[in-house]
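What follows is the residue order along each chain.
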Amino acid sequence: MIKRELFTADHEAFRDTVRRFIDKEIAPNHAQWERDGVVPRELWRKAGAAGMLCCTVPEEYGGIGADYLFDVVVFEEMARSGFTGPGFLIHCDLVATYVKSFGSEAQKKQWLPKMVSGEAIGSLGMTEPHAGSDLKAIRTKAVRDGDDFVISGQKVFISNGQLCDVIVLATKTDSAAGAKGVTLFLVDTSLPGFRRGKNLHKLGMKGQDTSELFFDELRVPASAMLGEEGKGFELMMTKLAQERLAQAIRSAVVSETVIDWTVEYTSQRKAFGQTIADFQNTQFKLAELKTEAVVGRQFTDKCIEIFMRGELDAVDAAMAKMWLSNLHCKVVDECLQLFGGWGYMWEYPIARAYADARIVKIAGGSIEVMKHIIGRNLFANHKLRRENGNGVAGINPA
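Thresholds applied
- Residues numbered from 1 in each chain as written.
- Predicted model: local features only at pLDDT ≥ 70, side-chain atom pairs only at ≥ 80, totals over all residues.
- Heavy atoms only, no water.
- Pairing = 2+ DSSP bridges.
- Helix = DSSP H or I, 4+ residues; strand = E, 2+ residues; numbered from the N terminus.
- Buried < 20%, exposed > 50% of the residue type's maximum accessible area, 1.4 Å probe, protein only.
- Lys, Arg positive; Asp, Glu negative; His and termini not counted.
- Salt bridge = Lys/Arg side-chain N within 4 Å of Asp/Glu carboxyl O.
- Contact = heavy atoms within 4.5 Å.
- Phe/Tyr/Trp six-rings, centres within 6.5 Å; stacked < 30°, edge-to-face > 60°.
- Lys NZ or Arg CZ within 6 Å of the ring centre and 35° of its normal.
- Expected span 1.5 Å × (residues − 1).
- Patch = residues over 30% accessible without salt bridge, like charges linked within 9 Å, V, L, I, M, F, W, Y side chains within 5 Å.
- Areas by Shrake-Rupley, 256 points an atom, 1.4 Å probe, with all protein chains shown as cover.
- Axes fitted to C-alpha atoms, helices over the stretch in contact; angles between N-to-C directions.
- Parallel < 35°, antiparallel > 145°, perpendicular 65-115°, else oblique.
- Left-handed = near helix turned anticlockwise from the far one by under 90°.
- Nonpolar A, V, L, I, M, F, W, Y, C, P; charged D, E, K, R; others polar.

### Let's talk about the pairing of strand S2 (residues 141–145)
Consecutive side chains of a regular strand alternate in pointing toward one face of the sheet and then the other.
Okay, step 1: Where S2 lies against strand S3 (residues 148–159), five bridges are found, and the strand directions are antiparallel. Bridge pairing in S3 links Lys-141 to Ser-152.
Okay, step 2: From the end of S2 to the start of S3, which pair antiparallel, there are two residues, and Gly-146 there has a positive phi angle of about 70°.

### Things to note about the side chain of Asp-71
Okay, step 1: Structurally, the position occupied by Asp-71 is in helix H4 (residues 68–81).
Okay, step 2: Lys-100 is the oppositely charged side chain nearest to the buried, salt-bridge-free Asp-71, at an N-O distance of 6.2 Å.
Okay, step 3: Discounting chain neighbours no more than four positions away, the residues touching Asp-71 are Cys-54, Cys-55, Thr-56 and Cys-92.

### Focus on unusual backbone geometry
Okay, step 1: Positive phi values are uncommon outside glycine, yet Asn-160 reaches one of about 65°.
Okay, step 2: Considering the arrangement of structural elements, one finds Asn-160 in the loop between S3 and strand S4 (166–172).
Okay, step 3: One non-glycine residue, Phe-272, adopts positive backbone phi at about 55°.
Okay, step 4: Its place among the elements puts Phe-272 in the loop between strand S9 (270–271) and strand S10 (274–275).

### Some remarks on the packing of aromatic side chains
Okay, step 1: Scanning the model with the defined rule gives 10 aromatic pairs in all.
Okay, step 2: Centre to centre, the rings of Trp-44 and Phe-88 are 5.0 Å apart; their planes meet at 85°, and the pair counts as edge-to-face. One end of the pair, Trp-44, is in helix H3 (residues 41–49); the other, Phe-88, is in helix H5 (residues 88–102), and 44 residues separate them in sequence.
Okay, step 3: Among the residues examined, Trp-44 registers a relative accessible area of 0% and is labelled buried.
Okay, step 4: Each ring, one from Phe-339 and one from Tyr-348, has its centre 6.3 Å from the other, and the planes form 80°; the classification is edge-to-face.
Okay, step 5: Site record: aromatic cluster; members linked through ring pairs are Tyr-265, Phe-339, Trp-342 and Tyr-348.
Okay, step 6: Sitting over the ring of Trp-111, Lys-114 keeps its end group 5.8 Å from the ring centre.
Okay, step 7: One cation-aromatic arrangement involves Arg-195 over Phe-214; the distance from NZ or CZ to the ring centre is 4.3 Å.

### Brief notes about the pattern of salt bridges
Okay, step 1: With the rule as written, the count across this model stands at 26 salt bridges.
Okay, step 2: When the shortest N-O distance is used, the salt bridge between Glu-34 and Arg-352 registers 3.9 Å. With Glu-34 in helix H2 (residues 30–36) and Arg-352 in helix H10 (residues 349–357), the pair connects residues that are 318 residues apart, well separated along the chain.
Okay, step 3: Residues participating in the shared-partner salt-bridge network are Arg-4, Glu-12, Arg-15, Arg-19, Glu-76, Glu-77, Arg-80, Glu-256, Arg-297 and Asp-301.

### Description of helix H8 (residues 280–308)
Okay, step 1: The end-to-end C-alpha separation of H8 is 42 Å, in line with the 42 Å expected for 29 residues at 1.5 Å each.
Okay, step 2: Positive phi appears at Gly-310, one or two residues downstream of H8, with a value of about 75°.

### Quick notes on a nonpolar patch on the surface
Okay, step 1: Side chains of Trp-342, Tyr-344 and Met-345 sit close together on the surface and give an oily, nonpolar patch of about 360 Å² of accessible area.
Okay, step 2: By the secondary structure assignment, Met-345 is in the loop between helix H9 (314–339) and H10.
Okay, step 3: Overall, Met-345 belongs to the partly exposed group, its relative accessible area being 32%.

### Structural notes on the pairing of strand S7 (residues 210–221)
Okay, step 1: Alignment of S3 against S7, held across nine bridges, turns out to be antiparallel. The residue of S7 that forms the bridge with Lys-155 is Leu-213.
Okay, step 2: Relative to S7, strand S6 (residues 194–199) runs antiparallel, the two being bridged by four bridges. Bridge pairing links Arg-195 to Phe-214 in S7.

### Quick notes on the packing of H4 against H5
Okay, step 1: Across the interface, H4 lies against H5 with an axial gap of 11 Å and an inter-helix angle of 160°. The orientation of H4 relative to H5 falls into the category roughly antiparallel. Crossing handedness for the pair H4 and H5: left-handed. Taking contact as the criterion, the partners of Tyr-68, Asp-71, Val-74, Phe-75 and Met-78 in H4 are, on H5, Phe-88, Leu-89, Cys-92 and Asp-93.
Okay, step 2: In the contact of H4 with H5, the residues fall into seven nonpolar, no polar and two charged.

### Overview of the side chain of Glu-256
Okay, step 1: With respect to the helices, strands and loops of the structure, Glu-256 is situated in helix H7 (residues 232–268).
Okay, step 2: Judged by its relative accessible area of 17%, Glu-256 is buried.
Okay, step 3: Beyond its immediate chain neighbours, meaning those up to four positions away, Glu-256 contacts Arg-80, Ala-293 and Arg-297.

See the structure below:
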């Protein structure tokens, strides 16, 4: 098997710490959190104390200033565990990254130490009832009033919505300007005018709170703006590759893990006088899935390397997200089949993995949007080659 070479001994020692934390603090309680639809805030503080939150935040803001691979270790081990309740990925990979990358010094000092410790929980407020992947179509407005902005609107499908203390909120400061009218704000949820809607009842990821959020003439100072006015869409575009890479990482790990579960189960379960693993169909099916999972892992690891050099572009990230999301759903579906009727029972991790998987083709940009990004780039490059006299030989009509 191809050996992974990304991680050092320090990363692997940290991985052991994360695994122990999951075994002690998450595994015994996750079933209850799925029934509750939310994890307790105390878990976030414990994760902060264990050094698992926002690993890349510099020391001057309370972090350990580690490289991105430490965050990857957390994402991977959470995915490998099969527990989806704690929304650490949103908090660390997205919200903290926005604050770290685009926040003012005052904003960094206000929020990053609390996010590292788990005292403040972050959320990303972008999706709206009428605007999912098309972020420039959002309707939430921020209207300037002297030195303040007054925000009114609604967000939906917001992970960490029931718990969040701070939101990276996408608004329109100029409704007529399209993408150039989008502005981001760091919104403190303790402010008057903020209201949480119901905790949404989802198909999967039942332990992770997901909410509607409402903003009723919520007043924030201009200093709460993240970056410059009208530049919010540009800022979001710079972070989409990182978001999609994180999702590819999770899908790669889940695919590997589900295959391992299935090998274990089929090696023990018997039918017609032999184990399920003895059937050629089982071996052939798992051989195909394992090969695809190894290919997906290599591509994902290569994307991580490119990202850490600051060179991962939107197209490569879209390909990783699309391919690994499709693989993720394929693996859990075909592996569940090998579990038979028991695979449909909620107490089996494969059933929960099946329900949790479907969102990966939608969240962070749908599969169709990924195809559009890839296809548009493909034909743009083709046009450029033809303009430069470098067309593909042998395909022109006679």
